[in-house]
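The primary structure of each chain is shown beneath.
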Amino acid sequence: MSHSNKPLRQRGFTLIEILIAITLLGFITLAVVNITEDSIRTKERTTEVNKNNLQIETALGRFEWDFSQIYSPLYFSSLMQFKAPGSVDGTADAGSGSGTASTAATNINLQNYYEGLVQRFERNEHFMGVSKEGFPIPRFASPDKAEFEFFTASNRRKLENSKQSHFAWVRYSLADQEEDPDAEENPEVPKGLKSLVRYFSADDPYSEKKINVDGEIKGSVLLRNVESLKFEYWDYAKRKWQSTLKSVVGGESVVRGVKLEITWYDSAGHKRTTERIFRNHWPMVLPEDPAPGAATSGTTSGTTSGTTSGTTSGTTSGTTSGTTSDDPPGS
Amino acid sequence: MAQGLRNLREKGFSLLEVMIAFALFAFFISAFLTAQGYNVSDSTLSEEQLMLQQLCERKINELILDPPKFTNATANTKETKTFEGKDYENYEYTLEIKKIVLPDFSQLFAQKGGASAEGSEAYDGDYYDDGNKGKRNAAVEKLIFDELKKNIEKIIWQARVTVTNKDTKYNFSLSTFITNHTEKVQLNVAF
């Protein structure tokens, strides 16, 4: 019994020892807490920054994919040189066939066929006529600065044998956004913002009706909390950006470049503006610079008579001038 | 009993053990901190890279949509400018425009056949032996090559855009071929 007393007494700590231990422990804990807190903060910051960047990149990447494959036959061909139906001139010549010595009967058949095509596609909301080969020419639209609707070859069938081609109409615009119940309320983000929405219709690309936004086609939201969106279109002839397609020479059928400016609030409540320029994949087959002489003489002779032989038909009508190559095969 | 008592007494840590424990702790903490540091710097770097890349793409797209006039004065030019706009004032771009220069036909032929075209054994007046396809007419090939060379040098130009952050000196660069639309292909081959 007596010998066990001594070791028991030595097992305790002195006050000093305990004080030192506690202080040391305190310092270490402080350091550890600091480090963990830091790491949590950096994790939040980096994921948030990366998430915001990813979001805008995905949204604009979608637009880039669609716009890069924008489609119109006028990118590689020209408008049909064809006498409008009901004209006084009986001897209309159907542009491409004029060179060959074909019989009158086939000429008339061809003419009827082309007339049918033209009549079908000439005056509707989505198409504006037929190209030299008989391909319908889509009409791109920009009813206001925050909306752009165009014909694209970017569709890919999701189901084998579904009745879809790679053509589709697609529209980018702003829409009122629904409240997202899962999203955290950020007091710095103002109310009444909109969403960037992509409407897409591949079911019947040659229909004459526009995309019905309120009806069966439901847009997919690309980016939330958008304050403003602005499209601008490159006018090659005037070498400047235009705010509507109508003011671009030939812009309703051929667009070379789009400048997109979008102002939005990210998840941290910061207002951000992103500006991008997009091009499509078509080669730049361009008319000659609006040089003196040739262009003006081409206009006058091209519009007055159906036989545009000899003169450049590059500027015969307002719609084709931005598109036709220097030497149209028809002339 | 005595054995057990000593064991009990020795249950405290020695200085060495405590120091090893501290060293291990410090090692893991520093590893953690460096990893985190990389995380942060990678994130800022990727953000920076994204920015540079976007600016670069924008400039290249602008250049392709609105090409400059290609004359002899534009060849081999290099200009540096700062981007407009408050957000981009830290970024500058350098635009280089170059002509494509192809070697002369005689140079190409000399490399293939030996020291010089005329001196090599394969060269036989107008004809030369390329080894697998028999005799070929050097004069005709030269005629065609010269036409191609003339047209390519006239029509296709090279451009490179380099965007640099003035503070960090990070940069990103893109290059492209630009077609000179004011020129046309001209072939004057006559046999």
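Described in the following lines is the structure provided in the data block. Computed from a predicted structure; not experimentally measured.

## Overview of the overall build of chain B
Across its full length, chain B carries four helices and seven strands. Going residue by residue from the N terminus, the α and β elements of chain B occur as α-α-β-β-α-β-β-β-α-β-β. Contacts spanning at least 24 positions in sequence make up 62% of the contacts within chain B whose residues lie at least 6 apart. Accessible surface for chain B amounts to roughly 13000 Å². Of this, 56% is attributable to carbon and sulfur atoms.

## Examining the pattern of salt bridges
Enumeration over the complete set of coordinates arrives at 19 salt bridges over all chains. Because the salt bridges share partners, they merge into one network encompassing Glu147(A), Glu149(A) and Arg171(A).

## Examining a nonpolar patch on the surface
Residues and elements named next belong to chain B. Residues Leu-143, Ile-144, Leu-148, Val-185, Leu-187 and Val-189 make up a contiguous nonpolar surface patch of about 520 Å² in total accessible area. Locating Val-189 in the fold gives a position in the segment after β7 (171-179). By relative accessible area, which is 32% here, Val-189 ends up partly exposed.

## Topic: the pairing of strand β2 (residues 91-99) of chain B
Residue and element names in this part refer to chain B. Alignment of strand β1 (residues 77-82) against β2, held across six bridges, turns out to be antiparallel. Bridge assignment links Thr-80 to a residue of β2, and that residue is Thr-94. Two elements, β2 and strand β6 (residues 156-165), share nine bridges in a ladder whose sense is antiparallel. From the neighbouring strand, Tyr-93 faces β6, where its bridge partner is Val-163.

## What to know about the packing of helix α2 (residues 15-68) of chain A against helix α2 (residues 15-65) of chain B
For the pair α2(A) and α2(B), interaxial distance at closest approach is 11 Å and the crossing angle is 20°. Accordingly, the angle class assigned to the pair α2(A) and α2(B) is roughly parallel. In the crossing of α2(A) with α2(B), the sense of the turn from one axis to the other is left-handed. The class makeup of the residues in the contact of α2(A) with α2(B) is eleven nonpolar, eleven polar and four charged.

## Re the interface of chain B and chain A
Across the contact, 29 residues belong to chain B and 33 residues belong to chain A. Of the roughly 2800 Å² buried where chain B meets chain A, counting both sides, 61% is carbon and sulfur surface. Taken as a group, Arg58(B), Leu65(B) and His181(B) account for 22% of the area that chain B buries against chain A, more than any other trio of residues on that side. In this assembly, chain B and chain A are joined by two salt bridges. We note a salt bridge from Arg58(B) to Glu275(A), for which the minimum N-O separation is 3.6 Å. Between the two partners, chain B and chain A, sit seven residue pairs in polar contact (both at pLDDT 80 or more). Sorting elements by how many residues they give to the side of chain B that touches chain A places α2(B) first, with 19 residues.

## Quick notes on the side chain of Arg171(A)
All names here are of chain A. By the element assignment, Arg-171 lies in strand β4 (residues 168-176). Take Arg-171: its relative accessible area is 9%, and that puts it in the buried class. Setting aside residues up to four positions removed in sequence, Arg-171 forms contacts with Glu-147, Phe-148, Glu-149, Val-197, Arg-198, Tyr-199, Ile-211 and Val-213.

## Some thoughts on the packing of aromatic side chains
All chains considered together, the criterion is met by 32 aromatic pairs over all chains. Taking the centre distance of 5.9 Å and the plane angle of 85° together, the rings of Phe67(A) and Phe150(A) count as edge-to-face. Taken together, the residues Phe67(A) in helix α2 and Phe150(A) in strand β3 (residues 148-152) connect sequence positions 83 residues apart. Given the relative accessible area of 0%, Phe67(A) is considered buried. Between the aromatic rings of Phe127(A) and Phe151(A), the centroid separation amounts to 6.1 Å while the plane-to-plane angle is 75°, which identifies the pairing as edge-to-face. Taken together, the residues span a long stretch of sequence, with Phe127(A) in strand β1 (residues 127-130) and Phe151(A) in strand β3 at a distance of 24 residues. Note on Phe151(A): relative accessible area 1%, which makes it buried. One cation-aromatic arrangement involves Arg239(A) over Tyr236(A); the distance from NZ or CZ to the ring centre is 5.1 Å. Directly above the ring of Tyr88(B) sits Arg58(B), whose terminal nitrogen or CZ lies 5.4 Å from the centroid.

## Here we look at the environment of Thr47(A)
You can see Thr47(A) is positioned in helix α2. A polar side-chain atom of Thr47(A) sits 2.7 Å from the main-chain carbonyl oxygen of Lys43(A).

## Quick word on the nonpolar core
Within the largest apolar cluster, 50 residues are counted, with the highest numbers of intra-cluster contacts made by Phe63(A) and Phe148(A). Mapped by element, the contributors of at least two residues to this core are α2, α3 (104-122), β1, β3, β4, β5 (194-201), β6 (220-235) and β8 (257-265) of chain A. No other element matches the six residues that β6(A) contributes to this core. Not counting residues up to four positions away in its chain, the partners in contact with Phe63(A) are Phe148(A), Phe150(A), Tyr172(A), Phe231(A), Val258(A), Leu260(A) and Phe278(A). Counting 19 residues, the second-largest nonpolar core is a separate cluster that includes Leu52(B), Ile60(B), Tyr93(B) and Ala159(B).

## Thoughts on the sheet that holds β6(B)
All names here are of chain B. Strand order in the open sheet formed by four strands is β1-β2-β6-β7, and the pairing between neighbours is antiparallel. Two strands bound the open sheet, and with one partner strand each, they are β1 and β7. Adjacent strand axes in the sheet meet at a mean angle of 15° when their direction is disregarded. α2 contacts β2, β6 and β7 of the sheet and is inclined by roughly 20° relative to β7. Across the sheet, helix α4 (residues 138-155) touches β2, β6 and β7, and the angle it forms with β6 is around 35°.

About the thresholds
- Residues numbered from 1 in each chain as written.
- Chains lettered and ligands numbered in written order.
- Predicted model: local features only at pLDDT ≥ 70, side-chain atom pairs only at ≥ 80, totals over all residues.
- Heavy atoms only, no water.
- Helix = DSSP H or I, 4+ residues; strand = E, 2+ residues; numbered from the N terminus.
- Contact = heavy atoms within 4.5 Å.
- Areas by Shrake-Rupley, 256 points an atom, 1.4 Å probe, with all protein chains shown as cover.
- Salt bridge = Lys/Arg side-chain N within 4 Å of Asp/Glu carboxyl O.
- Patch = residues over 30% accessible without salt bridge, like charges linked within 9 Å, V, L, I, M, F, W, Y side chains within 5 Å.
- Buried < 20%, exposed > 50% of the residue type's maximum accessible area, 1.4 Å probe, protein only.
- Pairing = 2+ DSSP bridges.
- Axes fitted to C-alpha atoms, helices over the stretch in contact; angles between N-to-C directions.
- Parallel < 35°, antiparallel > 145°, perpendicular 65-115°, else oblique.
- Left-handed = near helix turned anticlockwise from the far one by under 90°.
- Nonpolar A, V, L, I, M, F, W, Y, C, P; charged D, E, K, R; others polar.
- Buried area = accessible area lost by both parts, 1.4 Å probe.
- Polar contact = N/O pair within 3.5 Å; in protein donor to acceptor, adjacent residues only side chain to side chain.
- Phe/Tyr/Trp six-rings, centres within 6.5 Å; stacked < 30°, edge-to-face > 60°.
- Lys NZ or Arg CZ within 6 Å of the ring centre and 35° of its normal.
- Core = buried A, V, L, I, M, F, W, Y, C linked by side-chain atoms within 4.5 Å.

Take it as geometry only, folks, not as evidence of what the structure does.
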